[in-house]
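Read off the chains here:
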Amino acid sequence: MANNKSFWAKTDERKVQGAECRVREERRRIFRQSSWLIQVFAIAQKDFQSEWRTRHAVVTTLAFALISLTLISLSVGSLRSEPTLAAGLLWVILFFAAITALGRTFTKEVDARTDNLLRLNAQPSAVFVGKMAFNFALLLLVALIAIPLFITLMGLVVKNAMVFVFTVAVTLVAMAALGTILGAMLAKVQSRVALLAVAAFPLFFPALAAALQVTASIFGANPEVSAASLRALCAYAAASVLGGLLLFEEVW
Amino acid sequence: MLTLQCVDLGKAFGRRWLFRRLSFTVPQGTGLVILGPNGSGKTTLLRLLCGLLQPTEGQAIWRCNELNLSPVKARLLLGAVLPDCEPYEELTAEENLELVANLRGVPAENVGEWLERVGLANAKNQLVREFSSGMKLRLKLAMALIHEPMALLLDEPTAMLDEQGRQLVAELIAEQKRRGIVVIATNDERDVGYGEQQVILGKNR
């Protein structure tokens, strides 16, 4: 009798497990969505495809960077080899080039009324990281063209190339993360490009200040690269990405 | 099983109420048609149902297999054809559909099937900026339906379509009703037949 009971109890248990399994399967089918990483890749790929066809952001950002660095290199005259001034000018060019590029990412979506397509189909954090990856790649492209030209035109000597490349890359990560979240916040506001520059500067400032110090050292102002500035820069970049990830859902 | 329930739903922009105290329930297998003159809030109601706007009062709830979901949480269940949910003009029809398929976890082979289904197979490599408004609407339908959503929200689904296109929409709506729910906002009296239920907005303005 006891055996009989346990047989029926086990059968009921199996039925319940089967039903639960079916419900889980059904839920998985109904709530189907790609993995977060695939979404990030899809969004970044879409932005690259789109940019490849129009080349709007690349052309405007590069044009700004090249025109300003040509004018600066012509006007600084004998001060061109002054390391702190050169580092400051380099980051001024990169800052405004970044503002030109970063402002467009979400503005374009809002103007073309495609932003809701992303809202309805993708996780907010995937949109943030996908857009950030595109922005970073765009800034990197500008930096790869503008910085060697700047160094050549200004006649500068880079004393520690590895640290210089690392500093530029980390600063661009911070700029891309902060620019992405600011771009999303200001996308629906009128005169957003002007506002982006005003709002971005205080946020970019800690990263730019640390990058400026390190870059000035590398250009020869100081023989020792400030490890504290480099650490602060890395921490600020990490905080920018993390903060962006956490806050993006609120502003999107 | 999916059910949509709206309780005392209201939306105001500033001091102007578009609608107030809107209550209705749409069970599985049903079509709801939202009617009303221009500016009465039909598209706004659709936006509330997919969480693109927040209601000023009341709430909309999607009930799915004993789960109560807010419109934002229910987006995984929804497909929407809305005027402010456009395809990317600088991408081709195929690339647009691939994007949605990638975001929704739909196999790549479904892209071709859906392009065929909405009659855009021959235009799959054409940039969307070169599309007519009817072709764009067909693409939007495919983008809303590629993941076989449980609920479909349509805003003026036949406004720019020829007779063949209207036939396609009728088929898709019938198919969607077998799968879940359809909510259609329209001004066109010919679309009224798609729904078993009606909500008429703008009566008390």
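When helices and strands are tallied, chain B shows 5 helices and 9 strands. Starting at the N terminus and ending at the C terminus, chain B contains elements arranged as β-β-β-α-β-β-β-α-α-α-β-α-β-β. Rg of the C-alpha trace for chain B: 17 Å, near the compact-globule value of 17 Å for 205 residues, within the 12% margin. Taken over the C-alpha atoms alone, chain B extends approximately 45 × 35 × 30 Å along its principal axes. Counting over 205 residues, chain B shows a buried share of 49%. Looking at chain B alone, contacts between residues at least 24 apart form 71% of all its contacts between residues at least 6 apart.

This part is about the environment of B:Gln176. Residue and element names in this part refer to chain B. Relative to the elements of secondary structure, Gln-176 occurs in helix α5 (residues 163–179). Gln-176 gets classed as buried once you count the C-beta atoms within 10 Å, which come to 23. Linking Gln-176 and Thr-30, residues 146 residues apart in sequence, is a C-alpha distance of 9.1 Å. If we skip the residues at most four places from it in the chain, Gln-176 touches Leu-152 and Val-182.

Now for the interface of chain A and chain B. Taken together, the contacts link 25 residues of chain A with 26 residues of chain B. Contributions of two or more residues to the side of chain A that touches chain B are made by α1 (2–30), α2 (36–54) and α5 (115–121) of chain A. The dominant element in the side of chain A that touches chain B, judged by the number of residues it contributes, is α2(A), at 8 residues. Of the residues that constitute the side of chain A that touches chain B, the class distribution is 9 nonpolar, 9 polar and 7 charged.

Okay, the pairing of strand β6 (residues 78–81) of chain B next. All names here are of chain B. Residue alternation in β6 divides its side chains into two sets, Leu-78 and Ala-80 and Gly-79 and Val-81, and both sets are buried. With 4 bridges joining them, β6 and strand β7 (residues 151–155) adopt parallel strand pairing. Residue pairing in the sheet places Val-81 in a bridge with Leu-154 of β7.

A few words now on the confidence of the model for chain A. Here chain A averages 88 in pLDDT, and 94% of its residues register 70 or above. Here α1(A) is the element of chain A with the lowest mean pLDDT, 69, and α5(A) is the one with the highest, 96.

Our next topic: unusual backbone geometry. All names here are of chain B. Notably, Asp-8 is not glycine yet its phi reads approximately 50 degrees, a positive angle. Looking at the element boundaries, Asp-8 is found in strand β1 (residues 2–13). Taking the number of C-beta atoms within 10 Å as the measure of exposure, Asp-8 has 12 and is therefore exposed. Despite not being glycine, Asn-65 shows a phi value in the positive range, around 45 degrees. By secondary structure assignment, the location of Asn-65 is in the loop between β4 (57–64) and β5 (67–69). Asn-65 gets classed as exposed once you count the C-beta atoms within 10 Å, which come to 11.

Conventions we followed
All residue numbers refer to positions counted from 1 along the written sequence of the respective chain. Both sets of labels track the order of writing: A upward for chains, 1 upward for ligands. The predicted origin of the model limits local features to residues at a pLDDT of at least 70 and limits the giving and counting of side-chain atom pairs to 80 or more, whereas totals for whole chains, interfaces and linings rest on all residues. The numbering of helices and of strands both runs from the N terminus, where a helix is a DSSP run of H or I of at least 4 residues and a strand a run of E of at least 2. Put simply, the radius of gyration uses C-alpha atoms, and a globule should come to 2.2 Å times the residue count raised to 0.38. Put plainly, a residue is buried at 20 or more neighbouring C-beta atoms within 10 Å of its own, exposed at 12 or fewer, and partly exposed in between, counting only other residues' C-beta atoms, which are placed from the backbone. By the criterion used throughout, residues are in contact when their C-beta atoms, derived from the backbone, lie within 7 Å. Lys, Arg, Asp and Glu make up the charged group, whereas Ala, Val, Leu, Ile, Met, Phe, Trp, Tyr, Cys and Pro make up the nonpolar group; the residues left over, Gly among them, are polar. At least two DSSP bridges between two strands are needed for those strands to be called paired. pLDDT is a residue-level measure of predictor confidence that goes from 0 to 100.

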